[in-house]
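A closer look at the structure
Here's the letter readout for the chains.
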Amino acid sequence: MRDQPSSEVLLEWYDHHARKMPWRVGPKDRANGVIPDPYRIWLSEIMLQQTTVAAVKDYFERFTKRWPTVRDLADAQDEDVMAEWAGLGYYARARNLLKCARVVANEKGGVFPDTVDALLELPGVGPYTAGAVSAIAFDKSSVVVDGNVERVMARLYDVHTPLPAAKPELTALAESLTPLERAGDYAQAVMDLGATICTPRNPACGICPWRPACQARLAGTAVDLPKKTPKKPKPIRFGVVYITRRVDGALLLERRPDKGLLGGMLGWPGSEWVEKEAPKHQAPIRAEWKTLNGEARHTFTHFHLRLTVKTALVPMEREPAVGHFLPLEDFSPTDIPTVMRKAFNLFHSD
C-alpha cells in the first residue's frame with residue numbers, strides 16, 4: 001500500500017528546517033506561546049505577491065521601522081508610502097495597502113479580523129492573502145495556496161491537468177491536508193518545502209519528508225509538474241518620457257493618476273504607452289529637446305515597454321504645462337518606479 005502524506009510528517013520537518021524571516025514567528029517560539037503580529041503577516045503577504053522573499057526583506061524592515069503598527073501606516077502620507085514602495089512593483093498593491101490599513105485602523109478598531117470571509121472584505125485582500133493571514137496570524141485551519149503549494153500538490157498527487165485549470169483541484173488537495181492544529185506552521189511548512197526542496201527545477205527528492213508518499217516521484221514525472229498552459233507572447237508597447245532639468249538643477253516630475261499602472265507614483269512626464277509608434281502628444285514644457293541614444297526598457301506582467309528618453313535644459317522662468325519642478329536636493333532615484341529610474345539612469349549616463 002502506498003504511503004499517504006501527512007501534516008505531522010511535514011511539521012516535524014518544519015520544526016527543524018523552518019526558514020528565518022523578519023515577519024515570521026518560528027516554530028520554537030510559536031510553541032513557547034509567542035503570537036504572530038497580524039499586521040506584520042498581512043504586510044509581508046501583500047509585499048510577497050508576485051515578488052521574491054529576497055526582494056521583500058529590506059522593504060519590509062524599512063516599512064515596519066517607519067510604520068510599526070497598522071495605525072501608523074494608516075496615518076502615513078500617501079506620497080511617503082508610495083516612495084518607500086518604489087522599486088517593489090505592482091503599485092496597485094501599495095494603494096490598496098493604504099486603503100486596507102485605514103479600514104482596519106478606522107473601522108475595525110485597529111484589529112485585523114481572523115476569518116477568511118472577514119479578511120476578504122478588506123481592500124486588496126484576495127483568497128490567498130486571506131487564507132495566509134487567517135492561518136499564520138491566527139492559527140485558523142484555513143487553506144493557503146500559492147505557487148509553491150500548487151507545485152507541491154501537483155507532484156505529491158501526480159496531477160497533470162495544466163495550470164491555471166488545475167487550481168480548484170490543487171486547492172482541494174491542499175485543503176485535505178490542512179490540519180486543525182498548528183495550521184499556521186503547516187501553511188508555512190508547505191511553502192518552505194516548495195521554496196527549498198520541491199523547487200521548480202532539480203527538486204531535492206532525496207531529502208524530502210514527503211518522499212515516500214510522492215506519486216510523481218514514483219511515476220518519474222516530478223520534474224514535468226506542474227504542467228502549465230503555454231502563455232501568449234507579451235506585446236511590446238512604446239512611449240516617450242521627458243526629463244527636464246532647470247538651470248538650478250531642479251527636475252520636472254509629475255504624479256501619475258491614482259488608477260492604472262504606476263498609479264500615484266512620481267515619474268517623468270510623457271506620452272501614453274501604445275503598441276505602435278508613440279501617439280501625438282505635447283511635451284510638458286517648451287524647450288529644445290535632445291533624444292538620447294538607447295531606450296529605457298522594462299517588462300510588466302502583460303507587456304514589454306520601450307521608452308524613448310528626451311531631455312532638455314530650461315531657464316528659471318519657464319513654466320511647465322504639466323508636473324512641477326522638484327529641487328535636486330529633494331530628489332532621490334529610489335523614490336520613483338524602476339522603469340522611471342531606468343530612464344533617469346540613461347539620462348544620468350549621457
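Residues numbered from 1 in each chain as written. Predicted model: local features only at pLDDT ≥ 70, side-chain atom pairs only at ≥ 80, totals over all residues. Heavy atoms only, no water.

**Observations regarding the confidence of the model for the protein**
The line we're drawing: What pLDDT expresses is the predictor's confidence in each residue, scored from 0 to 100. To qualify as a helix, a DSSP run of H or I must reach at least 4 residues; to qualify as a strand, a run of E must reach at least 2; elements of each kind are numbered from the N terminus.
A residue-level look at the protein finds 99% of positions with pLDDT of 70 or above and a mean pLDDT of 93. For the protein, the element scoring lowest by mean pLDDT is helix α6 (residues 78-85), at 89; helix α5 (residues 70-74) scores highest, at 97.

**Points about the pattern of salt bridges**
Opposite charge on two side chains lets them pair, provided their charged atoms get close. This is how the line gets drawn: For this analysis, a salt bridge means a side-chain nitrogen from Lys or Arg found within 4 Å of a carboxyl oxygen belonging to Asp or Glu. Burial classes: relative accessible area under 20% of the type maximum marks a residue as buried, over 50% as exposed, and values in between as partly exposed (1.4 Å probe, protein chains only).
Inspection of every chain in the model, using the stated rule, returns 13 salt bridges. The residue E150 makes a salt bridge to K167 at a minimum N-O spacing of 2.7 Å. In this pair, E150 sits in helix α10 (residues 147-156) while K167 sits in helix α11 (residues 167-177), placing the two residues 17 residues apart along the sequence. With a relative accessible area of 10%, E150 lands in the buried category. Residue classification places K167 among the partly exposed positions, given a relative accessible area of 38%. Note that D185 is salt-bridged to R182, the shortest N-O span being 2.9 Å. For R182, a relative accessible area of 29% corresponds to the partly exposed category. Ionic contacts of the salt-bridge type, sharing partners, join the residues R62, R66, D80 and E84 into one network.

**A closer look at the packing of α10 against α11**
Put simply, the rule reads: Axis lines are fitted through C-alpha atoms, for helices just across the contact stretch, and the angle between N-to-C directions can take any value from 0 to 180 degrees. Comment on the angle field: the value is read as roughly parallel under 35 degrees, roughly antiparallel over 145, roughly perpendicular from 65 to 115, and oblique elsewhere. Any two residues having at least one pair of non-hydrogen atoms within 4.5 Å are treated as being in contact. Following the grouping adopted for this structure description, the nonpolar residues are Ala, Val, Leu, Ile, Met, Phe, Trp, Tyr, Cys and Pro, the charged ones are Asp, Glu, Lys and Arg, and the polar ones are all others, Gly among them.
Their axes nearest at 9 Å, the elements α10 and α11 cross at an angle of 85°. As the angle between them shows, α10 and α11 are arranged roughly perpendicular. Where α10 approaches α11, its residues V149, E150, M153, A154 and L156 are matched on the opposing element by K167, L170, L173, A174 and L177. Tallied by class, residues from the contact of α10 with α11 come to eight nonpolar, no polar and two charged.

**What about the packing of aromatic side chains?**
Let me state the cut-off plainly: Pairing of aromatic side chains requires ring centres within 6.5 Å, counting the rings of Phe and Tyr and the six-membered ring of Trp. Pairs whose planes differ by under 30 degrees are stacked, by over 60 edge-to-face, and all others tilted. Geometrically, a charge over a ring is one whose NZ (Lys) or CZ (Arg) sits within 6 Å of the ring centre while staying within 35 degrees of the ring normal.
Under the counting rule described, the total for this entry stands at 13 aromatic pairs. Ring centres 5.2 Å apart and planes at 75° place the aromatic pair W23 and F60 in the edge-to-face group. Pair noted here: W23 is in the loop between α1 (7-17) and α2 (27-31) and F60 is in helix α4 (residues 53-66), with a separation of 37 residues, a long-range link. Where W42 meets F112, the ring centres are 5.2 Å apart and the plane angle is 45°; that geometry is what we call tilted. With W42 in helix α3 (residues 38-48) and F112 in the loop between α7 (92-107) and α8 (116-120), the pair connects residues that are 70 residues apart, well separated along the chain. Grouping residues by exposure puts W42 and F112 together as buried. Members of the aromatic cluster, each reached through a chain of ring pairs, are W268, F331, F344 and F347. The ring of Y59 has R62 sitting right over it, with the charged end atom 4.7 Å from the ring centre. In this structure, R237 packs its charged tip against the face of F303, placed 4.1 Å from the ring centre.

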